[in-house]
Amino acid sequence: MLDSPAKINLTLRVLGRRPDGYHDLDTWFQEVSLCDRIEFRPATQFSVAFGGTYSNVPEDNLVSRASRILAGHLQIQLSGKVFVHKEIPLGGGLGGGSSNAAATLLGLSRLWGAAIDPDSLNGLAAALGSDCPFFLRGGLARGTGRGEVLEAKTGAVAGTILLVIPPFGVSTARAFEKAQFHLTSNDKNAILGSCANSFDEAQVYPRALFNDLEPAVFAEYPELQTIRDRLVRTGAVESLLSGSGSTVFGIFENVRDAQAAASKFEPPLRTHICRGIARHRGFDS
Ligand code: C5P
């Protein structure tokens, strides 16, 4: 059984569009304690099944794709029974699919007793999703490139995190397509320099969160801006759209304040109180 945690982005700068259609980013990923759980059991016949709050996962999902790509790389027959207990919403900007894919690479290589070097594992993860390599190590990390070039950081963001989860998802591809960036290379260097130090020794409350995907996503879904404004009004130290959304998070000084704020949001919005987690797994350590 492996935990497969969600993430939030504490910062997200979109630096520009690349020739391969992706965007160069500068982002700080923070794993949080909202987790899916994945069981890997031996079985001759290979199967993947989903249960839990968000079990409505499409047929072509990242767990199945990660399993196939790993078996292909190792040149072995697919086997085993994979069961994913899903508590991370789909299309919520919380990286659930990528996290599940990373956990599947780790869990199945263990189940199959297969040794795989860290570079190959990273390569497989990057092929599955831009934020998938982050979940191989977890914790707090700065991501550049399309998100897959990682600098691991110690510690975790302080405070209690309240996730406000709308009943719909946002397309990541569309959010990037509509993102505004008018940066010169001088601007980019200045941003890269300033982001580098943002959350070192992250046991402090962040007060400089930003997400370049917010303006385009808020323009299309004004209700997400309303959630962010309400989080600030109810005492969040900071509040931001996570990744491309639709989840909006607030960081509070303590659990009591987060609970008081959570009680202000009603269905169909869901809330989840969690915290940032420090690096907890390392395939290469
Ligand atoms: O890498 P992933 O499959 O998670 O990305 C989903 C979509 O989000 C990509 O197809 C691309 O349109 C967009 N994206 C991007 N730049 C990134 C990451 C994602 O344009 N750095």
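Preceding block: the structure.
Residues numbered from 1 in each chain as written. Predicted model: local features only at pLDDT ≥ 70, side-chain atom pairs only at ≥ 80, totals over all residues. Heavy atoms only, no water.

Participant: Report on the overall build of the chain, specifying residues and quantitative values.
Facilitator: In terms of regular secondary structure, the chain is built from 9 helices and 11 strands. A total of 285 residues make up the chain; the buried ones form 53% of that total. Considering only contacts within the chain whose residues lie at least 6 apart along the sequence, 77% involve residues at least 24 apart. Summing over all exposed atoms, the chain offers an accessible surface of approximately 12700 Å²; the carbon and sulfur share of this is 48%. (Helix = DSSP H or I, 4+ residues; strand = E, 2+ residues; numbered from the N terminus. Buried < 20%, exposed > 50% of the residue type's maximum accessible area, 1.4 Å probe, protein only. Contact = heavy atoms within 4.5 Å. Areas by Shrake-Rupley, 256 points an atom, 1.4 Å probe, with all protein chains shown as cover.)

Participant: Residues and numbers for the pairing of strand β6 (residues 149-153), please.
Facilitator: Bridge analysis of strand β5 (residues 140-144) against β6 gives 5 bridges, and the strand direction is antiparallel. Opposite R142, over in β6, you have E151 as the bridge partner. Between β5 and the antiparallel strand that follows it, β6, lie 4 residues; G145 among them carries a positive phi value of about 65 degrees. (Pairing = 2+ DSSP bridges.)

Participant: I'd love a proper account of the packing of aromatic side chains, names of residues and values included.
Facilitator: All chains considered together, the criterion is met by 3 aromatic pairs. Seen from their ring centres, F29 and F134 are 4.7 Å apart, and the 20 degrees between their planes marks the pair as stacked. Remark: F134 occurs in helix α4 (residues 132-137) and F29 occurs in strand β2 (residues 23-41); sequence separation between them is 105 residues. With respect to class, F29 is no different from F134; both count as buried. Seen from their ring centres, F134 and F135 are 5.1 Å apart, and the 65 degrees between their planes marks the pair as edge-to-face. An aromatic cluster of at least three residues, connected via ring pairs, comprises F29, F134 and F135. (Phe/Tyr/Trp six-rings, centres within 6.5 Å; stacked < 30°, edge-to-face > 60°.)

Participant: Explain the site of the ligand residue by residue, including any values.
Facilitator: All residues in the neighbourhood of the ligand are listed as G21, Y22, H23, L25, G129, S130, R146, T172, A173 and F176. Within the contact set of the ligand, an oxygen atom lies 2.6 Å away from a side-chain nitrogen or oxygen of S130. Between the ligand and R146 there is a distance of 3.0 Å, counted from a nitrogen atom to a backbone nitrogen or oxygen. In the complex, the protein chains occlude 73% of the 450 Å² of accessible area that the ligand would expose alone. For the shell around the ligand, the elements supplying multiple residues, two or more each, are β2 and α5 (172-178). Among the elements that line the shell around the ligand, the one with the most residues is α5, at 3 residues. Looking at the shell around the ligand residue by residue, the classes come out as 4 nonpolar, 5 polar and 1 charged. (Near = heavy atom within 4 Å. Polar contact = N/O pair within 3.5 Å; in protein donor to acceptor, adjacent residues only side chain to side chain. Nonpolar A, V, L, I, M, F, W, Y, C, P; charged D, E, K, R; others polar.)

Participant: Break down the environment of I161 for me, with residues and values.
Facilitator: Along the polypeptide, I161 turns up in strand β7 (residues 160-165). For I161, a relative accessible area of 0% corresponds to the buried category. Linking I161 and H272, residues 111 residues apart in sequence, is a C-alpha distance of 8.2 Å. Non-local contacts of I161, meaning those with residues more than four positions away in its chain, are made with I8, V32, F249, G250, I251, H272, I273, C274, R275 and G276.

Participant: Describe in detail the pattern of salt bridges, supporting the description with residues and values.
Facilitator: Scanning the entire structure with this criterion turns up 12 salt bridges. A salt bridge links D212 to R13; the shortest N-O distance between them is 2.8 Å. Linking D212 in the loop between β8 (210-211) and α7 (214-220) with R13 in strand β1 (residues 2-17), this pair joins segments that are 199 residues apart in sequence. In this structure R13 comes out as partly exposed when scored by relative accessible area, which is 22%. Note that R174 and E220 form a salt bridge whose closest N and O atoms lie 3.0 Å from each other. Remark: E220 occurs in helix α7 and R174 occurs in helix α5; sequence separation between them is 46 residues. Assessed through its relative accessible area of 37%, R174 is described here as partly exposed. Among the residues examined, E220 registers a relative accessible area of 32% and is labelled partly exposed. Several salt bridges share partner residues, and in doing so they unite D26, R142, E151 and K153 into one network. (Salt bridge = Lys/Arg side-chain N within 4 Å of Asp/Glu carboxyl O.)

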